Protein chains: 2
Amino acid sequence: MNSISLHTKALVKMLMARVDDGVQMSEVFLVACGGSLVDLYPAKFFLASESFLLRTDLYTANEFVHAVPKVLGERSVVIFCSHSGVTPEIVEALKVAKAAGSLTVSLTHNKSSELPSFSDYNVVYEWGDESSVQNNPMAITLALCLEILQHSEGYPNYHKFQEALLKIDDVVTAARNKVGERVITFAETYQNEKLFYILSSGASFGLAYGFAICSLMEMQWLHASAIHSGEFFHGPFEITDKKTNFIVLVNEGRTRPLDERVITFLKSYAKNYVIIDAKELGLGVLPESVVEFFNPILFYSVLCDYREALAKFRNHPLEIRRYMGKVEY
Amino acid sequence: MNSISLHTKALVKMLMARVDDGVQMSEVFLVACGGSLVDLYPAKFFLASESFLLRTDLYTANEFVHAVPKVLGERSVVIFCSHSGVTPEIVEALKVAKAAGSLTVSLTHNKSSELPSFSDYNVVYEWGDESSVQNNPMAITLALCLEILQHSEGYPNYHKFQEALLKIDDVVTAARNKVGERVITFAETYQNEKLFYILSSGASFGLAYGFAICSLMEMQWLHASAIHSGEFFHGPFEITDKKTNFIVLVNEGRTRPLDERVITFLKSYAKNYVIIDAKELGLGVLPESVVEFFNPILFYSVLCDYREALAKFRNHPLEIRRYMGKVEY
């Protein structure tokens, strides 16, 4: 039994115990900060799109703490993610959900995190180049929410989704091989640039945000902003010129036309744009009915190679911080 | 009877007619693009925070069209906003919701818009300096969602909210007088800057996004990005230095501590930051239980004066476009 099925089985057991106690789940809240919030975004998109019964929302932890949704209670499932396992806002948010009687699940990479003392179930996930993407927080959260959906109302594409979870690692490995030279060209071309716009849609919009705020702003001290491909044409595109840099994450699946429309526009009015296309990178082997939810898993792994190459060309290691964990804030 | 109560009465009548037909509302979707999406954000925040029964979500129109939430149906109320009244994605989205049997409400400033031919109820709202903010789309949508909430489950702060709606115009007028000189100082100081980060939280995060994508990117061709105050410390703040420009919208209400934390940090590590504080601008006269939902109405009006001054100093009129409505896209 792989670790995902270990976690999902444990979750289903807890949900069923609640049903036995007469408590029916009615909403799923996903709570984290920064990069960990990005890991939860695809699950939010998935439930919002697919569920008939569940209300779902995504919160940056400190907003969840200060502006608690009134419905939070024993019918809520709240999933938390903190890579470090020590984020103070997450500990606070966990306490808030626990006090409200919610079922709480935490995810962290830190084996000695104190999160398990506050949550009903804790997942220690794998991380880094050697790990299977199936065991990373984005896929684990998707798998947990798949079970929640199946438990709540039944999901017609349940088995297709599980099939995709089994296949995604091979897709990612092949895609990373494919971009091996491209990431060098990217880093060489863009090493002196100071600002990037990252565009995407659907399940991948969170990842566009993540590449902007974590990979570029936090790890490279570069200016960046994520723009939803559908929003681009309603204001943001007026900054387009031959000098502005764009990275477009083109999804496979329903929102692909939104990303393609951006590319068509950039071809006419921009010069510096990079296209990372999930279809061209082979994501299409996953079942059509669920493929769109797996775009961000592919993009995340591939973009790690882009940022790694950029960091090398810029002589700015990904680990350097000037404020985080160094000063009080 | 003012126009808001005209619209809310019509909406309640339609909701009651649905109940008579055995259809109970279960979700509220808010759908628009760009600046109009910004107008709907406070209502999304309000319902997500206050409702026990209603699921609610905010969509950029083209994503709503291409990745239709499966639950969309006759139990859904969908509110659309298109300032121009001709946005093709909005017309498409309206057709999608109509075909699903949803109750559809559209808002536009265009008296000859074709939206009324697709929606169950159409609101033509006022706009511009001379209009009462009560009759602008942000307040109208909030008022509609207040009625929806009251109709759905009863809202303990219903009368406080109505009291606030009646008072907000005077607060805005006084605040605009108060910033009269500040906006000149701002424009003079920042006229040559090319990039701004806009920070806020709670009901105002959408407005921070709106100032970035509409006022700065679209109307001034300046680089900009909105960062949630709670997210700032989880990545984005690493770009902080004495040259980077920040505008912080400090809310009155529950999420104020998030915005104040940003200010404390910027005081130590930045130099170029502008604080626009709803409390200092007098929003505190509104009832405490609902005041937070009115921050973005105040910020919008005040920020219009900031952008107007900036446009004058930069000799870049707010109306100039190079792509929107000028080229094909």
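What counts as what
Residues numbered from 1 in each chain as written. Chains lettered and ligands numbered in written order. Predicted model: local features only at pLDDT ≥ 70, side-chain atom pairs only at ≥ 80, totals over all residues. Helix = DSSP H or I, 4+ residues; strand = E, 2+ residues; numbered from the N terminus. Rg over C-alpha atoms; globule rule 2.2 N^0.38 Å. Buried ≥ 20, exposed ≤ 12 C-beta atoms within 10 Å, placed from the backbone. Contact = placed C-beta atoms within 7 Å. Pairing = 2+ DSSP bridges. Axes fitted to C-alpha atoms, helices over the stretch in contact; angles between N-to-C directions. Nonpolar A, V, L, I, M, F, W, Y, C, P; charged D, E, K, R; others polar. Arc of directions from axis to C-beta. Least-squares fit on C-alpha atoms with pLDDT ≥ 70 in both. Domains from an automatic or database assignment.

The secondary structure content of chain A amounts to 10 helices and 9 strands. In terms of overall dimensions, chain A is globule-like: its C-alpha atoms have a radius of gyration of 20 Å, near the 20 Å expected for 329 residues. With the C-alpha coordinates aligned to their principal axes, the bounding extent of chain A is approximately 60 × 50 × 40 Å. Residue burial in chain A is summarised as follows: out of 329 residues, 56% are buried. Sequence separation of 24 or more characterises 75% of the internal contacts of chain A that already satisfy a separation of 6 or more.

Residues and elements named next belong to chain B. Ordered by their spatial adjacency, 4 strands build an open sheet running 7-6-8-9, and the pairing between neighbours is parallel. Pairing within the sheet leaves two strands with one partner each, and these edge strands are strand 7 (223–228) and strand 9 (272–277). Each neighbouring strand pair of the sheet contributes to a mean axis angle of 20°, computed without reference to strand direction. Judged from the 6 bridges that link them, strand 6 (residues 195–200) and strand 7 form a sheet pairing that is parallel.

Here we come to the interface of chain B and chain A. Listed as interface residues are 50 residues of chain B and, on the opposing side, 51 residues of chain A. Only helix 2 (34–50), strand 2 (55–60), helix 3 (61–66), helix 8 (205–220), strand 7 and helix 9 (256–269) of chain B provide two or more residues apiece to the side of chain B that touches chain A. Looking at the side of chain B that touches chain A, the element that brings in the most residues is helix 2 of chain B, giving 5 residues. Looking at the side of chain B that touches chain A, its residues break down into 22 nonpolar, 17 polar and 11 charged.

A separate point is helix 7 (residues 180–190) of chain A. Residues and elements named next belong to chain A. For helix 7, every residue scored as buried is listed here: Val-183, Phe-186 and Tyr-190. All buried residues of helix 7 lie within an arc of 60° about the axis, which places them on one face of the element. Among the exposed residues of helix 7, those pointing more than 90 degrees away from its buried face are Gly-180, Glu-181, Thr-185 and Glu-188. Contacts made by the buried residues of helix 7 are with strand 8 (245–250), strand 9 (272–277) and helix 10 (295–314).

Here the focus is the sheet that holds strand 3 (residues 76–81) of chain B. All names here are of chain B. Here we have 5 strands laid out as an open sheet, ordered 2-1-3-4-5, and parallel in their pairing. The open sheet has two free edges, formed respectively by strand 2 and strand 5 (121–124), since each of these has just one partner strand. Taking each pair of neighbouring strands and ignoring which way they run, the sheet shows an average axis angle of 15°. Sheet topology note: the strand 1 (residues 27–32)/strand 3 ladder contains 6 bridges and is parallel. Among the inter-strand pairings, Glu-27 is bridged to a residue of strand 3, identified as Ser-76. Against the sheet, helix 5 (residues 137–153) makes contact with strand 1, strand 3, strand 4 (103–108) and strand 5, and its axis sits at roughly 170° relative to strand 3, the strand it touches most.

Residue and element names in this part refer to chain A. Along the chain, Tyr-306 falls in helix 10. For Tyr-306, a count of 22 C-beta atoms within 10 Å gives the class buried. Note: C-alpha distance between Tyr-306 and Lys-243 (63 residues apart in sequence) is 20 Å. Excluding residues within four positions of it along the chain, Tyr-306 makes contact with Val-183 and Phe-186.

Okay, the relation of the copies chain B and chain A next. Mapping chain B onto chain A calls for a rotation angle of 180° and an axial translation of 0.0 Å; the resulting RMSD is 0.0 Å. Such a turn and shift between the copies fits a two-fold axis. A shared binding surface is used by both copies, with 100% of the interface residues of chain B retained as interface residues in chain A.

Quick look at the domain arrangement of chain A now. All names here are of chain A. What the domain assignment lists for chain A is domain 1 (3–155) and domain 2 (170–314). Between the C-alpha centres of domain 1 and domain 2 there is a distance of 27 Å. Contacts between domain 1 and domain 2 engage 11 residues on the former and 14 residues on the latter. Secondary structure elements with two or more residues in the side of domain 1 that touches domain 2: helix 2 (34–50) and helix 5 (137–153). Here the side of domain 1 that touches domain 2 gets 7 residues from one element, more than from any other, and that element is helix 2. Within the side of domain 1 that touches domain 2, the residues separate by chemical class into 9 nonpolar, 2 polar and no charged.

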